[in-house]
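Coordinates in review
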Amino acid sequence: MVDHFKVKYGKAIVLYNSRGGNTEKVAIKIAKELYTERYNNKNIPDLQNFDLIVLGSWIISGWISFTGARYLKKLHRKNIAGKKIVLFFTSGAPDEINPMT
Ligand SMILES: Cc1cc2nc3c(=O)[nH]c(=O)nc-3n(C[C@H](O)[C@H](O)[C@H](O)COP(=O)(O)O)c2cc1C
């Protein structure tokens, strides 16, 4: 299955930002399924060798988190032309920092 995925979509990488851990959990699972590396928003690796970028963030007040938006902008400045991009978001569940939100 993974080989088929690679043949179809090329080399994938998972990038994400997470405040409370939910998005990170999902990013870890996706990276595991794709047998690929994952990076959080602290840095953006050299994306030259990747064909598919999976980018995850979380929702605050109905919008992508600030950090996620900033990360997307930074990503835009990297050379991502021609690459496939998959976005995912987590939302709705209380996060682990503040269970009341
Ligand atoms: C301040 C704050 C605002 C939020 N606003 C929304 C929202 O508008 N809609 C929603 O569905 N979830 C909202 N959530 C829930 C988060 O999107 C959800 O818990 C997300 O999984 C957190 O990701 P993280 O654990 O990776 O930081 C909010 C959470 C916080 C802390």
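Relevant structure appears above.
Conventions and cut-offs
- Residues numbered from 1 in each chain as written.
- Predicted model: local features only at pLDDT ≥ 70, side-chain atom pairs only at ≥ 80, totals over all residues.
- Helix = DSSP H or I, 4+ residues; strand = E, 2+ residues; numbered from the N terminus.
- Buried ≥ 20, exposed ≤ 12 C-beta atoms within 10 Å, placed from the backbone.
- Contact = placed C-beta atoms within 7 Å.
- Core = buried A, V, L, I, M, F, W, Y, C linked by C-beta atoms within 7 Å.

Let's shift gears to the overall build of the chain. Looking only at helices and strands, the chain features three helices and five strands. N-terminal to C-terminal, the α/β element order of the chain is α-β-α-β-β-β-α-β. In the chain, which comprises 101 residues, the proportion classed as buried is 19%.

Its location among the elements puts Val54 in strand β3 (residues 52-60). Residue classification places Val54 among the buried positions, given that 23 C-beta atoms sit within 10 Å. Taking C-alpha positions, Val54 is 7.5 Å from Phe88, a pair spaced 34 residues apart along the chain. Beyond its immediate stretch of four places on either side in the chain, Val54 contacts Ala12, Val14, Ile30, Val86 and Phe88.

For the rest of this paragraph, the subject is unusual backbone geometry. Even without being glycine, Tyr35 reaches a positive phi, approximately 50°. Relative to the helices and strands, Tyr35 resides in the loop between α2 (22-33) and β2 (38-40). By the C-beta count within 10 Å, which is 11 here, Tyr35 ends up exposed.

We now examine the nonpolar core. As a rule of thumb, soluble globular proteins bury nonpolar side chains together. Ala12, Ile13, Val14, Leu15, Tyr16, Ala27, Phe50, Val54 and Leu55 together form the largest nonpolar core, which totals nine residues. For this core, the elements supplying multiple residues, two or more each, are β1 (12-16) and β3. Residue contributions to this core peak at five residues, all from β1.

We now examine the environment of Ile80. Turning to its location among the elements, Ile80 is positioned in the loop between α3 (66-77) and β5 (84-90). Along the backbone, Ile80 and Asp51 are 29 residues apart, and their C-alpha atoms lie at a distance of 8.8 Å. If sequence neighbours within four positions are ignored, Ile80 has contacts with Leu47, Ile53 and Leu75.

Relative to the assigned elements, Leu55 resides in strand β3. When the 21 C-beta atoms within 10 Å are taken as the criterion, Leu55 is described as buried. When the C-alpha atoms of Leu55 and Gly68 are compared, they prove to be 8.9 Å apart, with 13 residues separating the residues in sequence. Among residues more than four places away in sequence, those in contact with Leu55 are Leu15, Tyr16, Leu72, Leu75, Ile85 and Leu87.

In short, geometric facts, not functional conclusions.
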